[in-house]
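So the chains spell out like this:
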Amino acid sequence: MGLTAMAITSMALAAASATTAAVGSAQQGRQQKKAAQAQAQVAANNAATAEQNAKDVIAAGQAQEQQNRMEHNQRSGAIRAEAGASGIDVGAGSALDALGDAAMMKEYDSLSIRDQAARQANNSYQQAADFTTQGNMATVAGKNAQSNGMWGAAGSLMSGGGQVAGSWYKYKKAGDI
């Protein structure tokens, strides 16, 4: 192989190397974007589940509160019936106090149930917001990875082009081409 063939082979290998590096960089960016998109989809699914959990907690709390109020109303009815059967005036004295205490406990228990459900739902809504943020961050990271891959590819091609041009100039000046 003569010097001219070696010079051309050297420049061709430098160009091939730069092209391979560029393709690899671009492919890596695309794969990282796909992985980030998958992470974003998982986060979106988790956010939807957390939001549904919050709605379920609220519905369960409402049902539990309603059940509590009915049970307390039944107890109050039993107190009235028992007092009336015993000939006690339910509109005065200790019977009235007992009914007032029962009403107060009904309200306290009902509001406690409502508050607990609201707190649990709020936690689930916060979790959904966190998942949404994670998904958004993954989407941005994927776009950045793809962009970085393309810039890396461009850099590889420019660097390889510079090497080929430098070699060509060197061999041309030496008269080998």
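As the structure is a prediction and not an experimental result, all values here were calculated from the model.

Chemist: Tell me what's going on with the overall build of the protein, and back it up with residues and numbers.
Modeler: In terms of regular secondary structure, the protein is built from 2 helices and 0 strands. For a compact globule of 177 residues, the expected C-alpha radius of gyration is about 16 Å, and the protein comes in at 38 Å, more than 25% above that figure. Principal-axis analysis of the C-alpha atoms gives the protein an extent of 130 × 20 × 15 Å. Taking all 177 residues of the protein together, 24% fall into the buried category. When contacts within the protein are restricted to residue pairs at least 6 apart in sequence, those whose partners lie at least 24 apart make up 84%. Carbon and sulfur atoms provide 57% of the accessible area of the protein, an area that totals close to 11400 Å².

Chemist: A description of a nonpolar patch on the surface should follow, citing residues and the corresponding values.
Modeler: Residues M104, M105 and Y108 make up a contiguous nonpolar surface patch of about 350 Å² in total accessible area. Checked against the element boundaries, M104 lands in helix 2 (residues 93-174). Of the residues examined, M104 reaches a relative accessible area of 54% and is grouped as exposed.

Chemist: Could you give an account of helix 2, with specific residues and numbers?
Modeler: Think of an α-helix as turning once every 3.6 residues; residues three or four places apart then point the same way. Taking 1.5 Å per residue as the helical rise, helix 2 with its 82 residues ought to reach 122 Å, and the 120 Å between its terminal C-alpha atoms agrees with that figure. Downstream of helix 2 by one or two residues, G175 has phi in the positive range, about 85 degrees.

Chemist: Mind laying out the pattern of salt bridges, listing which residues take part and the relevant values?
Modeler: Evaluation of the coordinates by the stated rule reveals 5 salt bridges. Salt-bridge contacts for E65 lead to R69; the nearest nitrogen and oxygen are separated by 3.3 Å. With E65 and R69 both in helix 1 (residues 3-85) and 4 residues apart, the pair spans about one turn of that helix. By relative accessible area, E65 is classed as buried at 9%. Through salt bridges with shared partners, one network takes in E65, R69, E107 and R114.

Chemist: An account of the side chain of S110 is requested, with residue identities and associated values reported.
Modeler: Position of S110 among the secondary structure elements: in helix 2. A residue is classified by how much of its surface remains accessible, and S110, at 0% relative accessible area, is buried. Setting aside chain neighbours within four positions, we find S110 in contact with E65, N68 and R69.

Chemist: Tell me about the packing of aromatic side chains, residues and numbers included.
Modeler: One pass over the full model with this rule turns up 0 aromatic pairs. K170 extends its terminal NZ or CZ atom over the ring of Y171, reaching a point 5.3 Å from the ring centre.

Chemist: Outline the environment of A21, listing residues and values.
Modeler: Tracing the sequence through the fold places A21 in helix 1. Residue classification places A21 among the partly exposed positions, given a relative accessible area of 36%. Residues A21 and I88, 67 residues apart in the sequence, show an inter-C-alpha distance of 96 Å.

What counts, and where the lines are drawn
Residues numbered from 1 in each chain as written. Predicted model: local features only at pLDDT ≥ 70, side-chain atom pairs only at ≥ 80, totals over all residues. Heavy atoms only, no water. Helix = DSSP H or I, 4+ residues; strand = E, 2+ residues; numbered from the N terminus. Rg over C-alpha atoms; globule rule 2.2 N^0.38 Å. Buried < 20%, exposed > 50% of the residue type's maximum accessible area, 1.4 Å probe, protein only. Contact = heavy atoms within 4.5 Å. Areas by Shrake-Rupley, 256 points an atom, 1.4 Å probe, with all protein chains shown as cover. Patch = residues over 30% accessible without salt bridge, like charges linked within 9 Å, V, L, I, M, F, W, Y side chains within 5 Å. Salt bridge = Lys/Arg side-chain N within 4 Å of Asp/Glu carboxyl O. Expected span 1.5 Å × (residues − 1). Phe/Tyr/Trp six-rings, centres within 6.5 Å; stacked < 30°, edge-to-face > 60°. Lys NZ or Arg CZ within 6 Å of the ring centre and 35° of its normal.

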